[in-house]
Amino acid sequence: KAGVTQTPRYLIKTRGQQVTLSCSPISGHRSVSWYQQTPGQGLQFLFEYFSETQRNKGNFPGRFSGRQFSNSRSEMNVSTLELGDSALYLCASSPGVSTVTQYFGPGTRLTVL
Amino acid sequence: AQTVTQSQPEMSVQEAETVTLSCTYDTSESDYYLFWYKQPPSRQMILVIRQEAYKQQNATENRFSVNFQKAAKSFSLKISDSQLGDAAMYFCAYRPSQGAQKLVFGQGTRLTINP
């Protein structure tokens, strides 16, 4: 089985722009979670999606949004980018909401200039 | 709110030796899961080992084992016979058994293996 894939792997944007990141979960997995990883704040939970519904959201401003499609693929969007949004954005998938283990993708490295 | 603390930002060990990484956590839940994830440089995070809080027996996976002390809220990772490929950032993580698929991570420990 292919693992979790994330596109693009690297992205450079300027302040004020918006960006969309994509995550394709492992085949058959219906739960997708997103995390932000920065040197200062570490790994922080962004959102969790299951069956196209957002089940949980972390403590991030409304500029961060996401969605999940019927094929379980997920996207996250960040509008009005700030320098502090520079981070590695990780996606993780699991078969269902009650499944314990999440499997991570390689991440998208976003740099905001 | 649950918190996870890794007090060792960096550790180093000689190849073939044993090293223990520390992790403490805080929660009011009685049922939860604990994990150790490994993130090699520029590579993706992979699960090393997981522990269910209701199990008293410590989890083991080949050269990796944990020391789970529920009362003390301590969850350390022991790596035996360290190998060069074990060099990575190691993250301790917590998840309640019910509710969100939300992992709460510690700040990580960077492990260096000296040949």
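Residues numbered from 1 in each chain as written. Chains lettered and ligands numbered in written order. Predicted model: local features only at pLDDT ≥ 70, side-chain atom pairs only at ≥ 80, totals over all residues. Heavy atoms only, no water.

(A) Seen up close, the state of the cysteines. Here the structure, examined in full by the defined rule, presents two disulfides over all chains. Cys23 of chain A shares a disulfide with Cys91 of chain A; S-S distance 1.7 Å. Between Cys23 of chain A and Cys91 of chain A the disulfide shows an S-S torsion of about -55°. By sign, it is left-handed. One end of the pair, Cys23 of chain A, is in strand β3 (residues 19-24); the other, Cys91 of chain A, is in strand β9 (residues 87-94), and 68 residues separate them in sequence. Disulfide partner of Cys23 of chain B: Cys92 of chain B, at an S-S distance of 2.0 Å. Sign of the S-S torsion, about -70° for the bond between Cys23 of chain B and Cys92 of chain B, identifies this disulfide as left-handed. With Cys23 of chain B in the loop between β3 (19-21) and β4 (24-26) and Cys92 of chain B in strand β10 (residues 88-96), the pair connects residues that are 69 residues apart, well separated along the chain. In terms of burial, Cys23 of chain B and Cys92 of chain B fall into one category: buried. (Disulfide = S-S within 2.5 Å. Helix = DSSP H or I, 4+ residues; strand = E, 2+ residues; numbered from the N terminus. Buried < 20%, exposed > 50% of the residue type's maximum accessible area, 1.4 Å probe, protein only.)

These values are about where atoms sit, not about what they do.
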